[in-house]
Amino acid sequence: MLRIRQNYKDMSVHKNIKKVTTHVLQEMKLRQEKIAMLTAYDYSTARILEAAGIDIVLVGDSASNVMAGHSTTLPITLNEMIYHAASVVRAVQRALVVVDLPFGTYQGNSKEALASAIRIMKETGAHAIKLEGGSEIKESIERILSAGIPVMGHLGLTPQSIYKFGTFVVRAKEEEEAKKLISDAHLLEDIGCFGIVLEKIPATLGKTVAEELRIPLIGIGAGQYVDGQVLVLHDMLGINQEFSPRFLRRYHNLYQEIYGAIQTYIKDVKSRDFPNEREQY
Ligand code: KIV
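Residues numbered from 1 in each chain as written. Predicted model: local features only at pLDDT ≥ 70, side-chain atom pairs only at ≥ 80, totals over all residues. Heavy atoms only, no water.

Visitor: Give a description of the packing of aromatic side chains that names residues and reports values.
Guide: Tallying each qualifying case throughout the model produces three aromatic pairs. Plain terms: the ring middles of Phe243 and Phe247 are 6.3 Å apart, the flat faces sit at 70 degrees to each other, and that makes the pair edge-to-face. A relative accessible area of 36% means that Phe243 is categorised as partly exposed. Assessed through its relative accessible area of 23%, Phe247 is described here as partly exposed. Geometrically, the ring pair formed by Tyr265 and Phe274 is tilted, given 6.1 Å between the ring centres and 55 degrees between the ring planes. When the ring centre of Phe165 is taken as origin, the NZ or CZ atom of Arg171, which lies over that ring, is 4.0 Å away. Of note, Lys207 hangs over the ring of Tyr225, and the distance from its end group to the ring centre comes to 5.5 Å. (Phe/Tyr/Trp six-rings, centres within 6.5 Å; stacked < 30°, edge-to-face > 60°. Buried < 20%, exposed > 50% of the residue type's maximum accessible area, 1.4 Å probe, protein only. Lys NZ or Arg CZ within 6 Å of the ring centre and 35° of its normal.)

And the structure:
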């Protein structure tokens, strides 16, 4: 395991941090330790994820929905992803930071794919990139990998292709699509991806893929047999209340908490309760 020495501005001693690397993730799969992954798009929340001990922070293109209010992930730009990713990286010492390549920056042109991946690595300090698809984007993945950039795949429901699917229903229920997914998963492993996100597929298919592959499979709606789980932070914290698919477990009702706090603040300001004597100079 890689150990780094980290200088803390406010400490005079060095502190050893056992960093999560792609190699560590592989070891976790081997010893059947589940991998925990969540999204973050900004410094302050990434700091909490890191302090809580998350293994992988995903700067997902779901920022397009969650941060910017778009109805799909398609509009977010490379510059916007770089802004989010650089903010997250500043907060993280231990976790592996993976950044989504946004729609239109890697499909169909492997040179552009490499240029996009290099921008992410150089301008954010992230550790890996993720992109959606299988055999169709093989050349792009290979070119990125050839530059020494770790790549995570994403199969099943791939939100950047939502207009092709036409719906957010469970993918690969039929044999033909399931076979293609299994073959794509093997392809991604063979060409050198270090892991794959499997989104919204039957649990039995998730199990098959996780058993057949050596690299870790991280599920979101892919059942309990895969090697780890990922959720969108805003969904699992209950900030985003409209989205409630079966695979989502809500750990908090943060929308209500924030709403209540803001209402109290408004009341305090209007009633001249805030600020009081102790809160002024
Ligand atoms: O963009 C994202 O948040 C993702 C997860 C849903 C896996 O890709």
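Visitor: Describe the environment of Asp268, listing the residues and the values that go with them.
Guide: Note that Asp268 resides in helix H11 (residues 254-270). In sequence terms Asp268 and Ala52 are 216 residues apart; their C-alpha atoms lie 33 Å from each other. With residues up to four places along the chain from it excluded, the contact list for Asp268 reads Asp273 and Phe274. (Helix = DSSP H or I, 4+ residues; strand = E, 2+ residues; numbered from the N terminus. Contact = heavy atoms within 4.5 Å.)

Visitor: Mind laying out the sheet that holds strand S9 (residues 217-220), listing which residues take part and the relevant values?
Guide: With parallel pairing, the eight strands of this closed barrel are ordered in space as S3-S4-S5-S6-S7-S8-S9-S10. Going across the sheet, the axis of each strand differs from the next one's by a mean of 25 degrees, ignoring polarity. By the bridge criterion, three bridges tie strand S5 (residues 96-100) to strand S6 (residues 128-130) in an arrangement that is parallel. Across the sheet, Val98 pairs through a bridge with Ala128, a residue of S6. (Pairing = 2+ DSSP bridges. Axes fitted to C-alpha atoms, helices over the stretch in contact; angles between N-to-C directions.)

Visitor: Describe the nonpolar core, and please don't skip the residues or the numbers.
Guide: Ile129, Leu131, Ile141, Ile144, Ile196 and Leu198 are the most contacted members of the largest nonpolar core, which has 61 residues in total. Sequence-distant contacts of Ile129, defined by excluding residues within four places in its chain, comprise Val98, Val99, Leu101, Ala117, Ile120, Met121, Ile144, Ile149, Pro150, Val151 and Met152. Core analysis: the next-biggest nonpolar cluster, separate from the first, contains 17 residues, Val24, Ile56, Leu58 and Leu96 among them. (Core = buried A, V, L, I, M, F, W, Y, C linked by side-chain atoms within 4.5 Å.)

Visitor: Lay out unusual backbone geometry in plain terms, naming residues and giving numbers.
Guide: Backbone torsion omega between Phe274 and Pro275 reads -5 degrees, so that peptide bond is classified as cis. Even without being glycine, Gln32 reaches a positive phi, approximately 60 degrees. In this structure, Gln32 sits in the loop between helix H1 (22-30) and strand S3 (35-39). Look at Gln32 and you get exposed, because its relative accessible area is 71%. Not every positive phi belongs to a glycine, and Arg272 is a case in point at roughly 65 degrees. Secondary-structure assignment places Arg272 in the segment after H11.

Visitor: Explain the site of the ligand residue by residue, including any values.
Guide: Lining the immediate surroundings of the ligand are 13 residues, of which Gly60, Asp61, Ser62, Asp100 and Lys130 lie closest. Separating an oxygen atom of the ligand from a side-chain N or O atom of Ser62 is a distance of 2.5 Å. At 2.9 Å, a side-chain N or O of Lys130 approaches an oxygen atom of the ligand. Expressed as a share of its isolated accessible area of 260 Å², the protein-covered part of the ligand is 95%. (Near = heavy atom within 4 Å. Polar contact = N/O pair within 3.5 Å; in protein donor to acceptor, adjacent residues only side chain to side chain. Areas by Shrake-Rupley, 256 points an atom, 1.4 Å probe, with all protein chains shown as cover.)

Visitor: Run through helix H2 (residues 43-52), naming residues and quoting values.
Guide: Within H2 the residues assigned to the buried category are Ala46, Leu49 and Glu50. The buried residues of H2 occupy an angular sector of 100 degrees when the element is viewed end-on, so they sit on one face. Summarising the geometry of H2, the exposed residues directed more than 90 degrees from the buried face are Ile48, Ala51 and Ala52. The inward-facing, buried residues of H2 contact S3, strand S4 (56-59), helix H4 (78-89) and helix H10 (233-236). Where H2 begins, one side-chain oxygen reaches toward the backbone nitrogen of Ser44, 3.0 Å away; that side chain belongs to Asp42. (Arc of directions from axis to C-beta.)

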